[in-house]
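Spelled out from the first residue to the last, the chains are:
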Amino acid sequence: MIAQSIMASRIKRNLHILFVMFCCHGFGQTDTNLNMVAIEYVKPYEYHQEGKNLVTKAFLDLERPQDFKGIVLESGYTSNLKFENGKAWVWLPVFGKPQTMKIVASKKHAVKEQLFKPLVTSDWGYFKEGTFHIISSSHQDIAWMDTPDYCRHERVNDIIAPALDIMKKDGEYRFGMEQALNLKEFIEEFPERKEEVIQRHKEGRFTWGATYNQPYEGMQTGEQLVREMYFGKRWIKDNFDGIGEETAFNTDVPGRTLQFPQILAKADVENLFVSRMREGFYEWYSPDGSSVLTYTPGNYGWAVIFYKLFEEDAIEAMHKIQNRVEMWTDYYKEHNLPPHFAIVISNDASGPANYGNLIKEWNKIVSETGMAMPKLRHSTVSGFLSEIKRPGAKFEQLEGSRPNLWAYIHGPGHYEAVTASRKAGRLLPSAEIFGTVDALLKDSFEDYPQKELSRAFEESIYPDHGWGGKNGDVTDSIFRSKLEFAANEADRILDSSLKSISDKVMIKGNNAIVVFNDLSWDRDGLVTVVLEDNGPFYVIDEKGKVVPSQMPDTNGKLLYLHASKVPAIGYKTYYLKKGRRAVATNKTVLPNSLTNQFYSIQLGDGGIEHLYDRVLDEEVLNTTRFSGGDVLTLGYNGNGAGEFTQITEPNMQDYDKMSDHIANWSLTSDGDVFAEFKNETKFKHTGIVQRIRMYHHEKKIDFFIDLLDWDGTHNREFRFALPLQMVGSRIKYEVPMAIAEVGKSEMKEAPGGWAWGGSYDQKPVTIKPREVMNYISSENDDLAVTLGTDVALADWVDPTREAVDYTVLQGILMASHKSCHAEGNWYHQAGDHHFKFSVASHVPDDRLSYEFGVGSNHPFRAVLKKNTDGSGTLPQEMGFFKVSEPMVRISTIKKSESGEDVIVRLVEMEGKDRHATISLPTQFQELIRTNLIEEDKESLGKISKSFNVDIGHNSIDTYKLISKK
């Protein structure tokens, strides 16, 4: 829309100029007069004031300058020519409208006439009473220009400290940093400057982003995204005299996840600054209806790299800015915006740019000439947007996600690190939940591991969007180390809490297995128990009933059992018994086929050739191109992130797939719980082990894929494929705190904006693969298939030549590509890698897909109690927190950041308004609704051992439970 109005305006203006040029009677008198005389100005401009106007020095590029004596403008302005060094010098008005100019000659017939356009027209249109805001900032990756330590030193000593120093000398100077992490780094280095930082912020002159850093939003789990606000806005407020940052930044990444506007809005963040999309102002909505004002300058670095508006003096700045802003009149009028316009001066790791002298020069010219034109000032994003948000302003309405174009850089490009990130993102809320349960059972938070949890959460979100870069091997190693620390610490804290809770269970004998469920619905599934003694063992429940279990022949100290109806956020107790006892299992198992109560499968080259759902009477797979569980390798020449406008697709170079290799299936395990099959083959650059596990007491198939001795060959990609008997199916997948659907959940229009590689003109609906959390599903009116995945990216379209038209669900396992930094590293990832996928077919139901997909990445955890002293008081099974609505998920339960109250965060996952009852393990006194970062909003009254809430569709709601103490 803007581009069209710009083009129309330019065409109209150019036609007018041509009309004037060719209609002026002076043209066409002689052949000499047909040539336009070029005007060249002195740089930097030499100017002085004549009356209310400025005139500036220029020379006319005349063929015989000595034949001319002066100029006369249509307005009556005259200036004599002065000849120096063979050039004809003249003083010309800086401001004015286009008008006819006569170049007067000594001989009458040689007079030239042409259109003269001043450097700055006198018509500033919509902005004549407005203000131009210079927003000086510095875009920061944790590490991109060099290692994290190098970049940290640079931003602390060469960016932030100098910006504060400028503010001491110039009371009008303003500067902004995009993330709270930078403030933390600075204060760690210069604690003595803390009060200075606080003072400058209170003056509105130094601002910080409201998030901890600038991540790939779709890479982090929901609670990790929430912690961006805890370690961002809340940390600043708690540590810097109550400062409330209003603006979040995620400047670089061309990707927005569905619920991020709600996360910001419910942390009381008012604005979001992004780039790499069409310049403008947007009210960006999450599905629940909450929104955040989103501003984009188009591309954050262009004013510095491309436009260079302030590289010279005020006259040149006026000249260039006028050309930029004239296109915005119609946009501002249409949206009833006040006449404030921003020029963002930011670039990667750029230092503070002080245009104080230029601003003074500009404003002095405006004052002395009396021109109706805008003032110029230093500003911040928050300050600028506070001027824009005036009553009556109408912002463009925008809803939906923008799938991340740079998704290859983190998941496929850094598989091991991102696997640790996802593990930490899942386990840390579980550690909080059971840490809180343990504290409530002890009636004390004295042992609650708040510092440990806080550090682990912070480390889990430390990696931002700056993977790779210069010396990227160092950066990537640090990122991975922090993520693995967070995952391991989550494991340790959770295990400690579970052991403490299990000690309180009233055990009725030795060798008890206490099975814990960390999700907010009752569920069934596999439990893996590491034994202290060699078997054989079997398992009974608390009533003495034998439950399905089995022990692998290769490991006598490992036992698998099938647990059923384990309470939500609770536990159930089982017991080991020496010997062998089987349960009746309806199955027929051969080395390359299986039939049980759920499925009939036939194994062939590359995986499952036929998969028949016996419950639904449906053939699930279409294996004309791929087998079920096939592994593909393709070429991939992308770089994961950079100045491209579409994701680089894989190519057919050295294409191979497991189904092109003759299979040699073997039955490696068969028992009351599952049967497992194994197939091995060799690709050009790696060995592949494929295992398929069929469960007998739950409708589930697990696929395990091992890439062994991968040699790190560049520009390769691996995918897992599940071809379905579906055409034109609906594709749904989990994103942080929501379920997205292809074709419905994305923003509808192309984002616009541009990169060095062109414009972002691809409609988001066509972007693939996508960032996913725990699963992706495909469904039609009769059948749904859910693929639980532990990888970060998924696809649903055949990526090969002459692609099939049916759905092929895929997980992108790994890709060996290079950083887009010219001096960056290769993400070769040599070595062994292990992947897991879970599959179930069922009737179409978001609840079934969600519970299966999430559950596949939340295995039960078991505590083995070999001996007991009988001192426990808790029952054999118990649920501590339970929600009456299964699709209202408990995101976390934790000790409050201040005090010993309990925080409960709920998320409605299905897009329906609900009334939910939450059952509690103990009595509480009062329920308070808080914002996302636990600041009180309203009391909801007295409660006891449960509370009722109305939760809107897709809403993320946070509550504080006040104890009776």
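Residues numbered from 1 in each chain as written. Predicted model: local features only at pLDDT ≥ 70, side-chain atom pairs only at ≥ 80, totals over all residues. Heavy atoms only, no water.

Colleague: Can you tell me about the sheet that holds strand S27 (residues 558-566), naming the residues and giving the values?
Modeller: Pairing between the strands of a sheet is mediated by backbone hydrogen bonds and can be parallel or antiparallel. One open sheet accounts for three strands, arranged S23-S27-S26; its pairing is antiparallel. With partners counted over all chains shown, the strands left at the sheet margins are strand S23 (523-530) and strand S26 (549-550), one partner each. Alignment of S26 against S27, held across two bridges, turns out to be antiparallel. Its bridge partner being in S27, Gln550 is matched across the sheet by Tyr560. (Pairing = 2+ DSSP bridges. Helix = DSSP H or I, 4+ residues; strand = E, 2+ residues; numbered from the N terminus.)

Colleague: Any chance you could break down helix H3 (residues 180-189) for me, citing the residues and the numbers?
Modeller: The element H3 is largely enclosed, with a buried count of seven among its 10 residues. Turning to H3, its buried residues number three or more, namely Ala180, Leu181, Asn182, Leu183, Glu185, Phe186 and Ile187. The inward-facing, buried residues of H3 contact helix H2 (148-169), strand S13 (175-177), helix H4 (194-202), strand S14 (206-208) and helix H5 (222-239). (Buried < 20%, exposed > 50% of the residue type's maximum accessible area, 1.4 Å probe, protein only. Contact = heavy atoms within 4.5 Å.)

Colleague: Lay out the packing of aromatic side chains with the relevant residues and their values.
Modeller: On inspection of all chains with the given rule, the structure shows 49 aromatic pairs. Ring geometry for Phe132 against Trp362: centres 6.1 Å apart, planes inclined by 70°, an arrangement best described as edge-to-face. Here the residue Phe132 occupies a position in strand S12 (residues 131-138), and Trp362 occupies one in helix H10 (residues 356-369), the gap between them amounting to 230 residues. You'll find Phe132 and Trp362 in the same group, each marked buried. Considering the side-chain rings of Phe281 and Phe395, the 6.5 Å spacing of their centres and the 45° angle between planes classify their relative orientation as tilted. Of the two residues, Phe281 is situated in strand S17 (residues 280-285) and Phe395 in the loop between helix H11 (381-388) and strand S21 (396-399); the sequence distance between them amounts to 114 residues. Comparing Phe281 with Phe395, the two get one shared label, buried. One residue, Arg227, lies across the ring of Phe457, its end atom 4.0 Å from the ring centre. Over the ring of Tyr760 we find Arg402; its NZ or CZ atom is 5.0 Å from the centre of that ring. (Phe/Tyr/Trp six-rings, centres within 6.5 Å; stacked < 30°, edge-to-face > 60°. Lys NZ or Arg CZ within 6 Å of the ring centre and 35° of its normal.)

Colleague: Can you tell me about the packing of H5 against helix H12 (residues 415-442), naming the residues and giving the values?
Modeller: Where H5 contacts H12, the two axes come as close as 8 Å, and the packing angle between them is 80°. Comparing their axes, H12 and H5 come out roughly perpendicular. Residues Glu223, Gln224 and Arg227 of H5 pack against Ser421, Ala424, Gly425, Pro429 and Glu432 of H12. Counted by class, the contact of H5 with H12 contains two nonpolar, three polar and three charged residues. (Axes fitted to C-alpha atoms, helices over the stretch in contact; angles between N-to-C directions. Parallel < 35°, antiparallel > 145°, perpendicular 65-115°, else oblique. Nonpolar A, V, L, I, M, F, W, Y, C, P; charged D, E, K, R; others polar.)

Colleague: Could you give an account of unusual backbone geometry, naming the residues involved and the relevant values?
Modeller: The peptide bond linking Lys43 to Pro44 adopts the cis configuration, its omega dihedral lying at -5°. Backbone torsion omega between Lys768 and Pro769 reads -5°, so that peptide bond is classified as cis. The residue Pro769 is located in the loop between strand S44 (758-759) and strand S45 (770-771) in this model. Although it is not a glycine, Asn336 sits at a positive phi angle of roughly 55°. With respect to the helices and strands, Asn336 occurs in the loop between helix H9 (329-334) and strand S19 (340-345).

Colleague: So what about the nonpolar core? Which residues, and what values?
Modeller: Formed by 122 residues in total, the largest nonpolar core has its most connected members in Met229, Trp467, Phe880, Phe881, Leu906 and Leu961. Element by element, the count of residues in this core is highest for H12, at 12 residues. Those residues in contact with Leu961 that lie beyond four places of it in its chain are Asp901, Val902, Val904, Leu920, Phe924, Glu926, Leu927, Ile943 and Phe947. One finds Phe68, Leu92, Ile134 and Phe273 within the second-largest nonpolar core, a separate group that totals 69 residues. (Core = buried A, V, L, I, M, F, W, Y, C linked by side-chain atoms within 4.5 Å.)

Colleague: Lay out the environment of Val907 in plain terms, naming residues and giving numbers.
Modeller: Position of Val907 among the secondary structure elements: in strand S55 (residues 902-908). Looking at Val907, the relative accessible area reads 2%, which means it is buried. Spatially, the C-alpha atoms of Val907 and Thr958 are 8.9 Å apart, while their sequence positions differ by 51 residues. Sequence-distant contacts of Val907, that is, excluding residues within four places in its chain, are made with Met737, Met887, Val888, Arg889, Ser891, Ile951, Ser955 and Ile956.

Colleague: Could you give me a rundown of the environment of Gly579, with the residues and numbers involved?
Modeller: Structurally, the position occupied by Gly579 is in the loop between strand S28 (570-578) and strand S29 (587-590). On a C-alpha basis, the gap between Gly579 and Thr380 in space is 73 Å, while along the polypeptide they are 199 residues apart.

Colleague: Summarise the packing of H12 against helix H13 (residues 450-461); cite the residues concerned and give the values.
Modeller: For any two helices packed against each other, the geometry comes down to the angle between their axes and how far apart the axes lie. Two elements in contact, H12 and H13, have axes separated by 10 Å at closest approach and are oriented at 155°. What the angle tells us is that H12 and H13 run roughly antiparallel. Judged by the twist between their axes, the crossing of H12 over H13 is left-handed. Of the residues in H13, those touching H12 at Ser421, Ala424, Leu428, Pro429, Ala431 and Glu432 are Leu453, Ala456, Phe457 and Ser460. (Left-handed = near helix turned anticlockwise from the far one by under 90°.)

Colleague: Describe the pairing of S12, listing the residues and the values that go with them.
Modeller: Extensive coverage of S12 is indicated by the burial of eight of its eight residues. Neither face of S12 is open: one carries Thr131, His133, Ile135 and Ser137, the other Phe132, Ile134, Ser136 and Ser138, and all of them are buried. Sheet topology places S12 next to S19; six bridges connect them, and they run parallel. Looking at S19, one finds that Phe132 is bridged to Phe341. Note that S12 and S13 share two bridges and pair parallel.

Colleague: Give me the confidence of the model for the protein chain: which residues, what numbers.
Modeller: Of all residues in the protein chain, 96% have pLDDT values of 70 or greater, and the mean over the chain is 94. Counting interchain partners and residues more than four positions distant, the pLDDT-below-50 stretch residues 1-32 has 27 contacts. (pLDDT = per-residue confidence, 0-100.)

Colleague: Lay out the sheet that holds strand S37 (residues 674-682) with the relevant residues and their values.
Modeller: As summarised here, the arrangement of the nine strands in space is S36-S37-S38-S39-S50-S47-S46-S41-S42, forming an open sheet in which the pairing is antiparallel. Of all strands in the sheet, those bounded by a partner on one side alone are strand S36 (666-670) and strand S42 (738-741). Each strand axis lies, on average, 20° off the axis of its neighbour in the sheet, ignoring direction. Pairing between S37 and strand S38 (residues 687-695): nine bridges, direction antiparallel. Looking at the pairing, Lys678 lines up with Arg691 of S38. The sheet contacts of H12 involve strand S47 (784-789) and strand S50 (831-842), and relative to S50 the element is tilted by about 50°. In this fold helix H15 (residues 846-856) packs onto strand S41 (730-735), S42, strand S46 (775-779), S47 and S50, with an angle of close to 155° to the strand it touches most, S50.

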